[in-house]
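Architecture and fold: a report
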Amino acid sequence: MGAVGIVAEYNPLHNGHIYHMEQAKAQTGADFCVIAMSGNFVQRGEPACADKFTRAEWALRAGADLIVEIPQCLAVASAERFAEGAVKLLAATGIVTDIAFGVETENMDGLYRIADILDREPPAFRTNLAYHLKQGKSYPRAQFDALSDLNIPRGDVALLTQPNNILAVEYIKAIRRFAPHIRAVPILRQGNGYNDTELTGALSSATAIRQALREGNDAVLDTMPLFVSGAMRFDEQFPITLDYFGPMILYRLRSMSLEEIAALPDVSEGFEQVIARAVRETSDLSAFLEQIKTKRYTMARCKRIAVSALLHMNRELPEELLNHRENLYLRVLGFLTGSRGLLAAMASAGSAPVILRNSDIMDCTDIARDSMAIDAFATDLMGYVIGREPHRDQQSAIRL
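What you are looking at is a predicted structure, and each value in this text was computed from that prediction instead of being measured.

Things to note about the overall build of the protein
From N to C terminus, the protein includes 19 helices and ten strands. For a compact globule of 400 residues, the expected C-alpha radius of gyration is about 21 Å, and the protein comes in at 20 Å, within 12% of that figure. Principal axes of the C-alpha set define a box for the protein whose edges measure 55 × 50 × 50 Å. Considering only intrachain contacts with a sequence separation of at least 6, the fraction spanning at least 24 residues in the protein is 72%. Distance between charge centroids for the protein: 3 Å, based on 41 positive and 49 negative side chains.

Set out below in structure tokens:
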């Protein structure tokens, strides 16, 4: 029973994602496709365009066989932590033999060379990285400049200017370190680039699609399957945006002590002082984020801090999940009825408890239950802002 794993957010699911699923199965010869999907909040520190159960159903209708949730405290994280969490989760299923991910280059050798350097961290790289961080640069920029200082092909370093390539390098690193029995399968992205903001026909970027949805551009309908585009274009509750949560985030940050803010993921070097001061000088989330953004703290990092505060997350929880295998859990969001054998195989071969219903939580550690409480709280918040029954986390997984 071969299963290819894919890490995804489906924010929203579009034609490029379906192409990726099809290629993942074709290139690996896998019988099944297992998706590790972010929950209600995604990696760059924003709510997903639709709740996790809606997006899981989309994925099943698009060709996936089984969807497991990336815990919220690992989903709203840096590229390195996000990739490590997703790879460990797919490895914990015990049934995934390959992990397929998108890339924006045909220079696969260059990707592997960069991944090797970042994995080994040779002394020259560590020295260069420390120097650039002291200049007040963000970690991604400091890492890029530290690599540029080394005697490696410029074309290799340039790969890290593309978001899909950055994640691809992190997937390769994580697979090498934590799941060497799993094969990495890069799949060349089709259509426009990840950050392109203009629609380019059927294969457009998620960034362009989200912008077109905000603008009410009907051309966006051609970029997604009908069961997604209809909901995203004509259901007034979608797409969900960070602005929906603005007052809640500002209230939460204003109610926190400096010590509590300092304990948030991504906060370091006294940045809690900047946050505490700015949140009392603004009454608008966008203005607050612009005020705290710096060269060192990118907008994505600032958004992740804001969402972490909203969800009552601290830096210890993701560390406990990642560093202690017994704390991982496989929360099933949905599966195809014809793929029930995957669940049985995962239960027998996997290294983490499979969560299908609320009663299964009893098999988990205290740390896992703390993490699941945050996952459920994120669902409550999502339900609140869209005016829908928020307690789906207490029900069984979606079956199609």
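A closer look at the packing of aromatic side chains
One pass over the full model with this rule turns up three aromatic pairs. Sitting above the plane of the Phe-178 ring, Lys-88 keeps its charged end 4.2 Å from the centroid. Against the face of Tyr-297 rests Arg-301, its NZ or CZ located 4.0 Å from the ring centre.

Description of the environment of Phe-41
Tracing the chain through its elements places Phe-41 in strand β3 (residues 41–42). Distance from Phe-41 to Glu-9, taken between C-alpha atoms, is 9.2 Å for residues 32 residues apart in sequence. Beyond its immediate stretch of four places on either side in the chain, Phe-41 contacts Glu-46, Pro-47, Ala-48, Gln-72, Ala-75, Val-76, Phe-245, Val-307, Leu-310, Leu-311 and Ala-378.

Focus: the pattern of salt bridges
Scanning all chains against the criterion turns up 20 salt bridges. Across the pair Glu-46 and Arg-44 runs a salt bridge, and its minimum N-O distance is 3.2 Å. By relative accessible area, Glu-46 is classed as buried at 17%. Among the residues examined, Arg-44 registers a relative accessible area of 18% and is labelled buried. A salt bridge links Lys-52 to Glu-69; the nearest nitrogen and oxygen atoms lie 2.9 Å apart.

Observations concerning unusual backbone geometry
With an omega of 0°, the peptide bond running from Asn-11 to Pro-12 counts as cis. One can find Pro-12 in the loop between β1 (3–8) and α1 (15–28). For the bond from Phe-238 to Pro-239, the omega torsion is -5°, close enough to zero to count as cis. Position of Pro-239 among the secondary structure elements: in the loop between α11 (226–234) and α12 (246–255). Positive phi outside glycine occurs at Tyr-10, with the angle close to 50°. In this fold, Tyr-10 is placed in the loop between β1 and α1. Despite not being glycine, His-312 shows a phi value in the positive range, around 60°.

Cut-off values and rules
- Residues numbered from 1 in each chain as written.
- Predicted model: local features only at pLDDT ≥ 70, side-chain atom pairs only at ≥ 80, totals over all residues.
- Heavy atoms only, no water.
- Helix = DSSP H or I, 4+ residues; strand = E, 2+ residues; numbered from the N terminus.
- Rg over C-alpha atoms; globule rule 2.2 N^0.38 Å.
- Contact = heavy atoms within 4.5 Å.
- Lys, Arg positive; Asp, Glu negative; His and termini not counted.
- Charge placed at Lys NZ, Arg CZ, Asp CG, Glu CD.
- Phe/Tyr/Trp six-rings, centres within 6.5 Å; stacked < 30°, edge-to-face > 60°.
- Lys NZ or Arg CZ within 6 Å of the ring centre and 35° of its normal.
- Salt bridge = Lys/Arg side-chain N within 4 Å of Asp/Glu carboxyl O.
- Buried < 20%, exposed > 50% of the residue type's maximum accessible area, 1.4 Å probe, protein only.

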